[in-house]
Each structure stands twice: as structure tokens, then as C-alpha cells.
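Chains, contacts and geometry: an overview
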Amino acid sequence: MSELTPTRILLADDHALVRRGVRLILEGEPDLTVVAEAGDGAEALALAARQPIDLAILDVAMPRMTGLQAARELSALQPDLRILMLSMYDDVQYFFQALRAGACGYVLKSVADRDLVEACRAAMRGEPFLYPGAATALIRDYLDRVRRGEGVPAQILTVREEEVLKLVAEGHSSKEIAEKLFISAKTVERHRSNMLHKLGLRDRLDLTRYAIRAGLIEP
């Protein structure tokens, strides 16, 4: 978003004082504006359906519907919506749940005055935001898995998904890919949607960049 069109933010937290504090942090920036406030996840969903927003900032733990539940619903209903989780929990499991729910960042309330603005801007650039301890937690979790003999999945995409990805990256349409692979265009679209979700990407351009990094096509 440019300075002329500030990022429209939906803020959801069940504590009015927290919402007020977060709003003060955000509205001190010319490129950010809070256009709606909710006291729980269900209210956040209703507000998001009624007015255009670019970014949702959701408290992890709220009554009626948690922020994690709301994030899953919002991700399904509005795939282009960017979502940040706001939490008092410096806990890797909450962090992983947030990512699985469709969030692109996780901000600790204790340092929101330091991190939140940066997290909002990263989200709108399509970049993930990790709070400082999260990178350490990710590495520690990976090492623990290796020690237990679990490792990590060697293959994120299936063979068929890689075939579709390569053709998408080469610029073929869904109809052309369907004809080449002897599947329906609807199946191609399903594969594309699954890949975007698995890889945490947003569009064809992101898929093409990923295909280049993965060595599926030449840059």
C-alpha cells in the first residue's frame, strides 16, 4: 500500500485496553490505519465480511472464537488477506499453530511497541515476520526432531505437484497444463491451490520464483 492508500487494519482483541494501546502504536504511522475493532474472533469474521480490509491483527486467545480459529476461517474466505497473530505467549507451539492457521507473522504483546509496525509492513510486502526468539525456536525444534530420528519431510510437494509447478512456471495456462498431463483444468487448479498453501506463497509469480530456486526451471 502507498502512503496515499494506508493499509486498512482489522484489530481483534478481547481487552479494550490492549486494543487502545495497539491502535495508538499503529495510527502513529502514516501508512497504517485501523478501520475496524473486534472483541472476539466471531466478531472479527463478521466485520471482515462487511468492509474491505488489507490486514487482520488477531489476538491468539479470545472468547467465543479464538484468533487461531478466526485466522483459519479468514484465510479460507479471503486468501489475499494478510494476517498477524498478537500473543502474550512466547511459545513455539502457538507460533507453529499460527503459521498453520494462515498467519504470516507472530508478534509478542510484550514488545508490540517495538515489533508491530515492522510486522505490519513485512506482512504487506508478502514477507513473514518472526519475533526474535522464533528463529531460535525453529532451529531448536528442527534439531530435536533430528535427534529423535524424525527429521523433516524430504519432499514438500508430490511428484504430480512438481510437474504442475514446472508447467505453471513455464507460463502455461491451466487448460494447457491439463492437456499435457491428461487431467482436468479443475484438478490443475486444485494442485495449484495446494502448492500455494503448502509453500506459504500467494500467486503465480511466487510459484515461478520457487520453481527457479528448486531447480525445476532455468532463471
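The notes below deal with the structure included here. No experiment lies behind these values; they were computed from the predicted model shown. (Residues numbered from 1 in each chain as written. Predicted model: local features only at pLDDT ≥ 70, side-chain atom pairs only at ≥ 80, totals over all residues. Heavy atoms only, no water.)

Here we look at the overall build of the chain
To be explicit about the condition: Secondary structure elements are defined from DSSP: runs of H or I of at least 4 residues count as helices, runs of E of at least 2 residues count as strands, and each element is numbered from the N terminus. Restricting the calculation to C-alpha atoms gives the radius of gyration, and the globule rule supplies 2.2 Å times the number of residues raised to the power 0.38. The cut-offs for exposure are 20% and 50% of the maximum accessible area for each residue type, with area from a 1.4 Å probe on protein chains only; residues under the lower value are buried, those over the upper are exposed, and the others partly exposed. Residue contacts are counted whenever heavy atoms from the two residues lie within 4.5 Å of one another. Only four residue types enter the charge count: Lys and Arg as positive, Asp and Glu as negative, with His and the chain ends excluded. Where a charge sits is defined by one atom per residue type, namely NZ (Lys), CZ (Arg), CG (Asp) or CD (Glu).
What the chain contains, in helices and strands, is ten helices and five strands. In summary, the chain has a C-alpha radius of gyration of 19 Å against a globular reference of 17 Å for 219 residues, a match within 12%. For the chain, the residues scored as buried account for 42% of the 219 residues in total. Sequence-distant contacts, at least 24 apart, represent 59% of the contacts inside the chain between residues at least 6 apart. Each charge sign in the chain was given a centre, from 29 positive and 32 negative side chains, and these centres are 4 Å apart.

Brief notes about the sheet that holds strand S1 (residues 7-12)
Basically, it comes down to this: DSSP calls a pair of strands paired once it identifies at least 2 bridges connecting them. Axis definition: a line fitted to C-alpha atoms, over the contacting stretch in the case of helices. Angles run 0 to 180 degrees between N-to-C directions.
Pairing is parallel across the open sheet formed by five strands, whose spatial order is S2-S1-S3-S4-S5. The open sheet has two edge strands, strand S2 (32-38) and strand S5 (105-108), and neither has a second partner. Strand-to-strand twist in this sheet, taken as the mean axis angle between neighbours without regard to direction, amounts to 25°. Relative to strand S3 (residues 55-59), S1 is paired through four bridges, and the arrangement is parallel. Across the sheet, residue Leu10 finds its bridge partner in S3, namely Ala56.

Some thoughts on the nonpolar core
Formally: We call a set of buried Ala, Val, Leu, Ile, Met, Phe, Trp, Tyr and Cys residues a nonpolar core when their side-chain atoms join them within 4.5 Å.
If you look at the biggest cluster of nonpolar residues, it comprises 31 residues, and the most contacted ones within it are Leu10, Ala56, Leu58, Leu74, Ile83, Met85 and Tyr106. The next biggest cluster of nonpolar side chains, apart from the first, holds 20 residues, and it includes Leu55, Leu116, Cys120 and Ala123.

Focus: the packing of helix H7 (residues 159-169) against helix H10 (residues 204-213)
Basically, it comes down to this: Throughout this description, any angle smaller than 35 degrees is read as roughly parallel, any larger than 145 degrees as roughly antiparallel, any in the 65 to 115 degree range as roughly perpendicular, and the remainder as oblique. Throughout this entry, Asp, Glu, Lys and Arg are counted as charged residues, while Ala, Val, Leu, Ile, Met, Phe, Trp, Tyr, Cys and Pro are counted as nonpolar. The remaining residues, Gly among them, count as polar.
It is at 9 Å that the axes of H7 and H10 come closest, and there the two elements cross at 110°. Here H7 is positioned roughly perpendicular relative to H10, judged by the angle of their axes. Between H7 and H10, the residues in contact are Leu165, Val168 and Ala169 and Arg204, Leu207, Thr208, Tyr210 and Ala211, respectively. Among the residues making up the contact of H7 with H10, the classes are represented as six nonpolar, one polar and one charged.

So, the side chain of Asp59
Applied cut-off: The term polar contact refers here to a pair of N or O atoms within 3.5 Å; inside protein, the definition further demands a hydrogen-donor-capable atom paired with an acceptor-capable atom, and it admits residues adjacent in sequence only when both atoms are side-chain atoms.
Among the secondary structure elements, Asp59 is positioned in strand S3. The exposure class assigned to Asp59 is buried, which follows from its relative accessible area of 5%. At 3.4 Å, the side chain of Asp59 forms a polar contact with the side chain of Lys109.

Shape is all these values report; function is a separate question.
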